[in-house]
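Given next are the chains, with one letter for each unit.
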Amino acid sequence: MSLIRLRQAPPRTGGCRSSLACVLRGRGRCDSKAPSVVTAFPPSGLGYQGTCMTSNTNGTSASRVQVSVSKGDIRIAAPNVDLESLPDYLKKECLLFYYPDQEILAKKIAAASSSIQLSEVKWATFADGFPNLFVKDATRIRNRHVAFLASFQHPISIFEQLSIIYQLPRMFVGSFTVVLPYFPTGTAERVEAEGDVATAFTLARILSNIPLSRGGPASVVIFDIHALQERFYFGDTVLPLFESGIPLARKKLRSLPDADNITIAYPDEGSWKRFHYQFGDYPEVICTKVRDGDKRIVRLKEGEPRGRHVVIVDDLVQSGGTLRECQKLLSSQGALAVSAYVTHGVFPNDSWKRFTASSSSNENGATDFKHFWITDSCPKTVQAVANQAPFEVISLAEPIAAALQI
């Protein structure tokens with residue numbers, strides 16, 4: 001029997017009176033002599049998954065990490081920035097600039113924290129179409145923590161935003177953060193044949209050349225980048241912070257009337273590798289894509305969807321073809337209902353319409369998907385799907401507000 005010790009940071013104030021609780025699907029105990037250590041004994045040859053929680057002595061502050069152990073393998077998926085565990089004197093006030101497409105999200109971010117104030121850029125163009133930009137109250141931002149909320153959903157808007165992104169750190173700001181909720185070239189992250197261009201690397205290099213501010217390198221906040229290895233595409237002159245929409249999805253799932261009947265499904269092995277550590281406390285279904293000539297067929301690899309409300313989880317959706325095929329497969333296998341969560345609803349060419357009641361409905365007139373949750377990382381999509389069933393938008397405002405204050 002192997003012994004696995006999971007070390008966590010001690011509480012920020014006070015000691016611990018056996019306050020380290022380990023809620024695991026397996027066996028474990030809290031070492032009272034070293035309360036920041038969980039000692040767990042997984043069954044021989046097996047693994048376990050669950051959640052470890054630490055709290056201070058009065059129980060007013062807690063932090064949580066997802067833990068998955070499989071045959072000696074330990075993976076910890078850390079949560080997003082948790083302001084409750086951060087002392088007030090370390091929290092920053094922030095001036096937030098934003099691209100016009102992100103105005104709604106920017107206002108939500110400001111509403112989520114009194115420490116964040118909105119600032120303006122005048123966005124205009126010259127007669128030849130090139131940007132004519134002006135940062136308002138430029139002297140007011142000196143020595144302040146400044147951020148820019150970007151949207152690179154459409155290539156045509158990237159140059160004018162980069163002009164602002166490259167200028168703000170040079171205006172004597174104390175520190176600078178770029179919030180890019182959706183990293184649009186993330187799916188072009190590898191070279192499969194000589195001549196392929198990995199544009200994920202190109203965009204990462206562009207962002208890596210953001211000028212230094214008075215406080216040092218810029219931070220770049222990105223949600224659910226397509227492949228985690230893309231963090232290595234960024235240079236040492238920026239500090240990428242990779243956040244996730246999954247905690248918001250989990251919160252939504254816990255609020256459902258049938259929360260105790262949820263099964264998580266992954267449309268392919270890549271999605272499973274990426275997210276299954278964050279859903280270790282849910283039953284899972286794994287689908288796989290196989291080629292049949294020029295067609296890709298989705299098949300059930302493992303898991304049991306029968307009688308369950310199955311929620312398909314992925315980082316992004318484009319045409320939605322794979323999600324549609326997964327839904328059909330899961331329904332044919334007896335799923336009681338099928339929903340989907342994706343952090344980035346890209347939906348080029350209005351492909352979101354494939355999921356609405358007018359074009360995707362069963363014999364009762366209801367949509368094939370019970371719920372389809374996306375975040376507001378892609379503002380054009382958010383505007384398009386407003387009041388369109390089965391879509392529901394989960395805002396990234398609170399985790400972004402938290403990230404801007406560290």
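Up top you'll find the structure we're talking about.
Residues numbered from 1 in each chain as written. Predicted model: local features only at pLDDT ≥ 70, side-chain atom pairs only at ≥ 80, totals over all residues. Heavy atoms only, no water.

(A) Representation of the overall build of the protein in the model. Scanning the protein from terminus to terminus reveals eight helices and 22 strands. Sorting the 406 residues of the protein into buried and exposed places 47% on the buried side. A separation of at least 24 residues holds for 65% of the contacts in the protein among residues at least 6 apart in sequence. When the accessible surface of the protein is split by element, carbon and sulfur atoms take 50% of a total near 20000 Å². (Helix = DSSP H or I, 4+ residues; strand = E, 2+ residues; numbered from the N terminus. Buried < 20%, exposed > 50% of the residue type's maximum accessible area, 1.4 Å probe, protein only. Contact = heavy atoms within 4.5 Å. Areas by Shrake-Rupley, 256 points an atom, 1.4 Å probe, with all protein chains shown as cover.)

(B) Structural detail: the packing of aromatic side chains. As enumerated under the stated definition, the model contains 16 aromatic pairs in all. Residues Phe201 and Tyr233 carry aromatic rings whose centres are separated by 5.6 Å and whose planes lie at 85 degrees to one another, so their mutual orientation is edge-to-face. Placement of the pair is Phe201 in helix 3 (residues 199–208) and Tyr233 in the loop between strand 14 (218–223) and strand 15 (238–243), with a sequence separation of 32 residues. (Phe/Tyr/Trp six-rings, centres within 6.5 Å; stacked < 30°, edge-to-face > 60°.)

(C) A look at the side chain of Arg274. Its location among the elements puts Arg274 in helix 5 (residues 269–275). By relative accessible area, Arg274 is classed as buried at 15%. If sequence neighbours within four positions are ignored, Arg274 has contacts with Asp224, Ile225, His226, Ala227 and Leu228.

(D) Seen up close, the pattern of salt bridges. Per the stated rule, a full pass over the model turns up 14 salt bridges. Here Lys252 ties to Glu392 by a salt bridge, and the two come within 2.7 Å at their closest N and O atoms. Taken together, the residues span a long stretch of sequence, with Lys252 in helix 4 (residues 246–254) and Glu392 in strand 22 (residues 391–394) at a distance of 140 residues. Through salt bridges with shared partners, a single ionic network connects Glu189, Arg190 and Glu192. (Salt bridge = Lys/Arg side-chain N within 4 Å of Asp/Glu carboxyl O.)

(E) Examining the sheet that holds strand 9 (residues 116–118) more closely. An order of 9-8-12-13-14-15 is seen for the six strands of this open sheet, with the pairing classed as parallel. The outermost strands of the open sheet, each flanked by one partner alone, are strand 9 and strand 15. Taking each pair of neighbouring strands and ignoring which way they run, the sheet shows an average axis angle of 25 degrees. Pairing between strand 8 (residues 94–98) and strand 12 (residues 145–149): five bridges, direction parallel. Bridge pairing in strand 12 links Cys94 to His145. Running over the sheet, helix 1 (residues 103–112) touches strand 8, strand 9 and strand 12 and is turned about 145 degrees from strand 9. (Pairing = 2+ DSSP bridges. Axes fitted to C-alpha atoms, helices over the stretch in contact; angles between N-to-C directions.)

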